[in-house]
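Descriptive structure summary
Here is what each chain is made of, one letter per residue.
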Amino acid sequence: MSTKLTARKRYLPRIVEGYKLFQALLSNPSVDKIDSFSKDELPGLKRAMNLYGASLRKGEVPDEISREAEQLTASFESSFLRWTKAKDLQTDLQTVDAAFKAYLSFAKIDPSS
């Protein structure tokens, strides 16, 4: 139980902050801002999402819950990286946003907190 509490205290604020930064990026995307987010924020956000997802497991070993969280994190990362390579920045915008929201929904995270 303490692992879940520690994960909630440690990783949840990072995920919520990352979501807020991501939403700010979506509201005004530019190549410079996307590159900055990709280099500065994405690695830490991905790690926080993976570690928080791992804490959702029911036992000591990875289970279907933690594996699904890991898959949702990978889906967000891959859709974001595809978006960074798009010539038209509006192209995959909804896909990236949906991938992040799918993770938040699965992990029962309220980004407004």
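Rules behind the numbers
Residues numbered from 1 in each chain as written. Predicted model: local features only at pLDDT ≥ 70, side-chain atom pairs only at ≥ 80, totals over all residues. Heavy atoms only, no water. Axes fitted to C-alpha atoms, helices over the stretch in contact; angles between N-to-C directions. Helix = DSSP H or I, 4+ residues; strand = E, 2+ residues; numbered from the N terminus. Parallel < 35°, antiparallel > 145°, perpendicular 65-115°, else oblique. Left-handed = near helix turned anticlockwise from the far one by under 90°. Contact = heavy atoms within 4.5 Å. Nonpolar A, V, L, I, M, F, W, Y, C, P; charged D, E, K, R; others polar. Expected span 1.5 Å × (residues − 1). Phe/Tyr/Trp six-rings, centres within 6.5 Å; stacked < 30°, edge-to-face > 60°. Buried < 20%, exposed > 50% of the residue type's maximum accessible area, 1.4 Å probe, protein only.

Quick look at the packing of helix H3 (residues 64-84) against helix H4 (residues 93-106) now. Taken N-terminus to C-terminus, the directions of H3 and H4 make an angle of 160°; their axes are 9 Å apart at the nearest point. Comparing their axes, H4 and H3 come out roughly antiparallel. Crossing geometry of H3 relative to H4 is assigned as left-handed. Residues Ile65, Glu68, Ala69, Leu72, Thr73, Ser75, Phe76, Ser79, Phe80 and Trp83 of H3 pack against Leu93, Thr95, Val96, Ala99, Phe100, Ala102, Tyr103 and Phe106 of H4. Classifying every residue of the contact of H3 with H4 by side-chain character gives 13 nonpolar, four polar and one charged.

Moving on, we come to H4. Taking 1.5 Å per residue as the helical rise, H4 with its 14 residues ought to reach 20 Å, and the 20 Å between its terminal C-alpha atoms agrees with that figure. One or two residues past the end of H4 sits Lys108, with phi positive at roughly 55°.

Moving on, we get to the packing of aromatic side chains. By convention here, two paired aromatic rings are described through the distance between centres and the angle between planes. Going through the model one piece at a time under the given rule, you end up with nine aromatic pairs. Plain terms: the ring middles of Phe22 and Phe76 are 5.6 Å apart, the flat faces sit at 85° to each other, and that makes the pair edge-to-face. One end of the pair, Phe22, is in helix H1 (residues 2-27); the other, Phe76, is in helix H3, and 54 residues separate them in sequence. For the pair Phe22 and Phe76, one class covers both residues: buried. Ring geometry for Phe37 and Phe80: centres 5.3 Å apart, planes at 50°, overall tilted. Taken together, the residues Phe37 in helix H2 (residues 31-55) and Phe80 in helix H3 connect sequence positions 43 residues apart. Exposure class is identical for Phe37 and Phe80. Each is buried. Site record: aromatic cluster; members linked through ring pairs are Tyr19, Phe22, Phe37, Phe76, Phe80, Trp83 and Phe100.

All quantities given are derived from atomic positions and should not be read as evidence of function.
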